[in-house]
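If you want the building blocks of each chain, they are given just below.
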Amino acid sequence: DSDPVGFDSLDLNERRGRSTDAELDRRDGTRTSEALTPAAAARDEFQEELVIRPLHSGDIYASFQFRTLWDTDFLQEGQKVSHYRLFPKSLGQVLSKFSVRELHISFTQGFWRTMQWGQPFIPSPPGAELWVWFHDTVSDVDGNWKELTNVLSGIFCASLNFIDLTNTVQPSASFKPLGLGNATDHRFLRYATLPREIVCTENLTPWKKLLPCGSKAGLAVLLKSEKLFHSSFHSQAVHIRPVCQDEQCTSKAWELRQTLNVVFDLYTAGQGKKEWSLFKMFSRTLTEACPLATSSKVYVDITDNPELFELSPATPLLSQAVVLGDRRTYSVFDLTRAETFGQLRSLNLLLRWKGDGEMLRPLLHAERYVAGFGLQTGEIHTVIYNNHPYRAFPVLLMDSVPWYLQLYIHTLTVTSKSRDNKPSYIHYQPAKDRHRPHLLEMLIQLPPHSMTEVTVQFERALLKWTEYTPDPNHGFYVGSSVVSALVPSMVAMNTNFTQDQPLFSSFVPVKEESSYFVRVYTEPLLVNLPTPDFSMPYNVICLTCTVVAVGYGSFYNLLTRTFQVDEPSLPLAKRLANLIRRIRGVPLLT
Amino acid sequence: MDYYNLLTTCAFIHLLVSIPYAYSNYVENKAGQFFSSGHTNNWAVLVCTSRFWFNYRHVANTLSVYRSVKRLGIPDSHIVLMLADDMACNYRNPKPATVFSHKNMELNVYGDDVEVDYRGYEVTVENFLRVLTGRLPPSTPRSKRLLSDDRSNILIYLTGHGGNGFLKFQDSEEISNMELADAFEQMWQKRRYNELLFIIDTCQGASMYERFYSPNLMALASSQVGEDSLSHQPDLAIGVHLMDKYTFYLLEFLEEVHPASQANMNDLFKVCPQSQCVSTPGHRTDLFQRNPGSVLITDFFGSVLLHDMKQLVADVSSQKPKQKDWHPPDGFILGLWTLILLVFFQTYGIKHLKHIF
């Protein structure tokens, strides 16, 4: 039978085969591909980067970004692309088959603690999150969405096939495209999250295979699962979007960013010592850059150096970048230059803490919890903090609640500083039992230095027997709320487009000088639904059958039983004597 | 006396002819057996059906078979691995991203290159039966399908908690032995396998293969009906039992097997006798057409390797008949009895015939 998805082979051997193609290219150099392709040579580009940010609590935050630019005839519908160089074929085929314009998928284990760690470079909610912008030429977006989730579940070995219409929403304002294009029709956007999804080596393995060098060279050699999953926070994501290749946007390309954020804990992975090195974090050191990369750099945040941290080996190469509204200084280690590796031909960075310090308070922070008692009703509280001393700014809060928590929207209250705060924009889509979840989006103006609380009451529904998970007493998850905002920046942000910008500062396009975009995810909720006793059908059947058997059986016996006299059986000697008497034809004994 | 002479010479000629005929028959049989194994690709469906941290050993069982099967050559694209719960990245695992099979953390069967096709809530009876019979929704990706054909040898390994005639999936549903037998019959009728090896490591595992009725099935179980399969050894650092006894000794046996090994199914039947396993492992070969002694372990656990044809013919013809599997040549018994009768009648005369018949 034919290929179910219509590809030649979208199986895992393809991905493994790709890395050998990369090795072939490495041996011959880039000249081979240029010789093969005629005049307009496709120039794929690959950049890799690692940012290490020491945190004040003694933990350390490492953020990997791998960016592949796929230079291809853009947005040509119906044109089959068959030449893939650095861009992975499995994702390229997904983009063309499902007419995807933007794809963002993330797998996260753990929760990002904004108050202790600051703002992450790439935020992500616990579990799996997938949001996709389709082209406006797509006629059946839901059908494409369903097939796309199934294909991605095969590529990433995750149970993304559980994403269906009961947990998919179409946010109207929270998830604008991060790439090119000014789409406003949110009918082509789909957003879903699976808070229960586990991340483990089986998700990391295919993720690593999407890289041009695999996990054999460059920064990806550091990605060892035994160390990465022994951390407080682990998030790996794939972001695909169309971008401009230059200032005037004369040529466009697909950009694939693979990001991996990990926070190593001081006590579990660090054994309590406030001293970190690459070897301690990843059990590996760097020996070479990926030969297919045009740039391969390690940035270490030394803004608080030398009062708080000490970095060795020291390097004269410094770079300043304004990221997340703050001007930070970074030490740059360029892996494409041989002198970075020194005499030992390996690079191992050592960071030692020298003192304690106070972290800059993040300007935007959110929390969420369930209040109430019992298994019938409850209340969801979302608390958003604005820590800016004098500036107020608006935030967009998006809540997607499953249908089995029936929200009573007339009880929705938004209070700031104990006064009612009316949102200027509300988009609410009520849930439909077993079809659609609730979607609530609100634009709330946060007063300076304040706490805003959003509360809504709900009632828990009783599910049908087959809708319960095999472990219903664990509870049911409600996905994180998303708070998106343009936060006023202390430092002027750079709106110019430069090719040489480090990847971590160019993830989100900066449109204004005075503010930067921030997305904060709250905790997911775990609520208990009224759970029936699953052994009751068995108990009921046993009891009913016993009652029927005893009651009806006795009655039947009383009505139909007859008594007859039974002759006692003869002993053996008399029976043998009777046998002989029967043969002789003589009357029998009794 | 002429009559007797004729009979004697007939018996003698019979014997003379049967010996060389038997030898060439043997060589032909050997070549025929090699070609008659008839499979061109190998698949494996490995299922762990238990949820919760204290069932760590079932996941470790499945992963050890996965590891052996990958080591012997079956690629990930031909393995459908179903794990009902995540033990490696479970928050209760003191060593994340690892699943150990031997205590003191000697062997990490999870490894660095694992691909789990069905995980968590996806491991249900319905999904398992759909994978076997191939009746999956059209949008299912290839890595989740069993794309076997009529020349595939399939290994199916199940582990979990079971009882007499059923296997429990995730503490909420069961698969019965009749359903399994019917699924295999569907596979046979749709020509989805050439030969199938079914291994089950649960309590009362032998009850699961009692109802099989399709041809070319061989089954092994870790315990008989009425017996419990026991777990092997706990690890005090992790806090749970790491493996079940039967699969532990199966893993130790498979670690000795390499892709060119000539070990056969009779060796597999001897894995974990009652002295080691406490339960009595059972097996069923009546539905299998070939002799288990001629079935190689690598026919199911490994991948088909291409052979050079000339070398193959030279191998077969140069082999001397083996001592241990010797059968007397055809017609030998008949010739022997003819000789005995002839001698008897020659000595005692033909008149005694009427007393015998």
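What counts, and where the lines are drawn
- Residues numbered from 1 in each chain as written.
- Chains lettered and ligands numbered in written order.
- Predicted model: local features only at pLDDT ≥ 70, side-chain atom pairs only at ≥ 80, totals over all residues.
- Heavy atoms only, no water.
- Helix = DSSP H or I, 4+ residues; strand = E, 2+ residues; numbered from the N terminus.
- Buried < 20%, exposed > 50% of the residue type's maximum accessible area, 1.4 Å probe, protein only.
- Contact = heavy atoms within 4.5 Å.
- Areas by Shrake-Rupley, 256 points an atom, 1.4 Å probe, with all protein chains shown as cover.
- Lys, Arg positive; Asp, Glu negative; His and termini not counted.
- Charge placed at Lys NZ, Arg CZ, Asp CG, Glu CD.
- Pairing = 2+ DSSP bridges.
- Axes fitted to C-alpha atoms, helices over the stretch in contact; angles between N-to-C directions.
- Salt bridge = Lys/Arg side-chain N within 4 Å of Asp/Glu carboxyl O.
- UniProt positions renumbered as here; feature names shortened; annotations may be inferred.
- Buried area = accessible area lost by both parts, 1.4 Å probe.
- Nonpolar A, V, L, I, M, F, W, Y, C, P; charged D, E, K, R; others polar.
- Disulfide = S-S within 2.5 Å.

**Student:** Would you explain the overall build of chain A in this entry?
**Tutor:** Counting secondary structure elements, chain A contains 10 helices and 26 strands. Residues counted as buried form 52% of the 590 residues belonging to chain A. In chain A, the proportion of contacts linking residues at least 24 apart, taken out of those at least 6 apart, comes to 77%. Of the roughly 27,700 Å² of accessible surface on chain A, a fraction of 54% belongs to carbon and sulfur atoms. Charge centroids of chain A, computed over 58 positive and 61 negative side chains, lie 7 Å from each other.

**Student:** Before we go on, may I ask you to explain the sheet that holds strand β1 (residues 41-48) of chain B in this structure?
**Tutor:** Within a sheet, each strand pairs with its neighbour through backbone hydrogen bonds, oriented either parallel or antiparallel. All names here are of chain B. Read across the open sheet, the seven strands follow the order β3-β2-β1-β4-β8-β9-β10; overall the sheet is mixed. The sheet terminates laterally at β3 (118-119) and β10 (282-284), the two strands that pair on one side only. Relative to strand β4 (residues 152-159), β1 runs parallel, the two sharing eight bridges. Paired with Val47 across the bridge in β4 is Leu158. Strand contacts of helix α2 (residues 56-71): β1, β2 (79-83), β4 and β8 (195-201), with the helix running at about 165 degrees to β2, the strand carrying the most contacts.

**Student:** Looking at this structure, I do not really get the pattern of salt bridges. What am I missing?
**Tutor:** Pairs can form between side chains of opposite charge once their charged atoms are near each other. Residue and element names in this part refer to chain A. The full count for this structure, using the stated rule, is 30 salt bridges over all chains. Across the pair Asp185 and Arg187 runs a salt bridge, and its minimum N-O distance is 2.7 Å. Using a relative accessible area of 27% as the deciding quantity, one classes Asp185 as partly exposed. What makes Arg187 exposed here is its relative accessible area of 52%.

**Student:** How do you make sense of the UniProt feature "transmembrane region" (unreviewed entry) in chain B when you look at a structure like this?
**Tutor:** The feature "transmembrane region" (unreviewed entry), as annotated in UniProt, sits at residues 331-350 of chain B in this numbering. End-to-end, the C-alpha atoms of residues 331-350 of chain B are 25 Å apart, and along that stretch the chain is 85% helix and 0% strand.

**Student:** I keep staring at the sheet that holds strand β2 (residues 60-70) of chain A and nothing clicks. Help me out?
**Tutor:** Residue and element names in this part refer to chain A. Pairing in this open sheet of 11 strands is mixed, and the strands run β5-β6-β4-β3-β7-β8-β2-β1-β10-β13-β12 from one edge to the other. The open sheet has two free edges, formed respectively by β5 (168-169) and β12 (318-323), since each of these has just one partner strand. When β2 meets strand β8 (residues 252-264), the two strands line up antiparallel, connected through 11 bridges. Within β8, the residue paired with Gln65 across the bridge is Thr259.

**Student:** How should I be thinking about the interface of chain A and chain B in this particular structure?
**Tutor:** Note on interface size: it is often stated as the accessible area lost on association of the parts. Taken residue by residue, the interface counts 37 residues in chain A and 34 residues in chain B. Interface area for chain A against chain B, summed over the two sides, is near 3,100 Å², with a carbon-plus-sulfur share of 52%. At the junction of chain A with chain B, the criterion picks out six salt bridges. In this structure, B:Glu115 engages A:Lys209 in a salt bridge whose closest nitrogen and oxygen atoms are separated by 2.9 Å. Sorting the residues of the side of chain A that touches chain B by element identifies α1 (12-28), α5 (141-156), α6 (201-209) and α7 (225-228) of chain A as the ones contributing at least two each. Top element by residues in the side of chain A that touches chain B is α6(A). It accounts for five residues. In terms of residue class, the side of chain A that touches chain B is made up of 11 nonpolar, 14 polar and 12 charged.

**Student:** How do you make sense of the state of the cysteines when you look at a structure like this?
**Tutor:** Each disulfide consists of a covalent bond between the sulfur atoms of two cysteine residues. As enumerated under the stated definition, the model contains four disulfides over all chains in all. What pairs with A:Cys244 in a disulfide is A:Cys249, and their sulfur atoms sit 1.6 Å apart. Its S-S torsion of about -60 degrees marks the bond between A:Cys244 and A:Cys249 as left-handed, since a negative value means left-handed. By relative accessible area, A:Cys244 is classed as buried at 16%. Residue classification places A:Cys249 among the partly exposed positions, given a relative accessible area of 25%. One disulfide in the model links B:Cys272 with B:Cys277; its S-S distance is 1.9 Å. Because the torsion about its S-S bond is 100 degrees, the bridge between B:Cys272 and B:Cys277 counts as right-handed.

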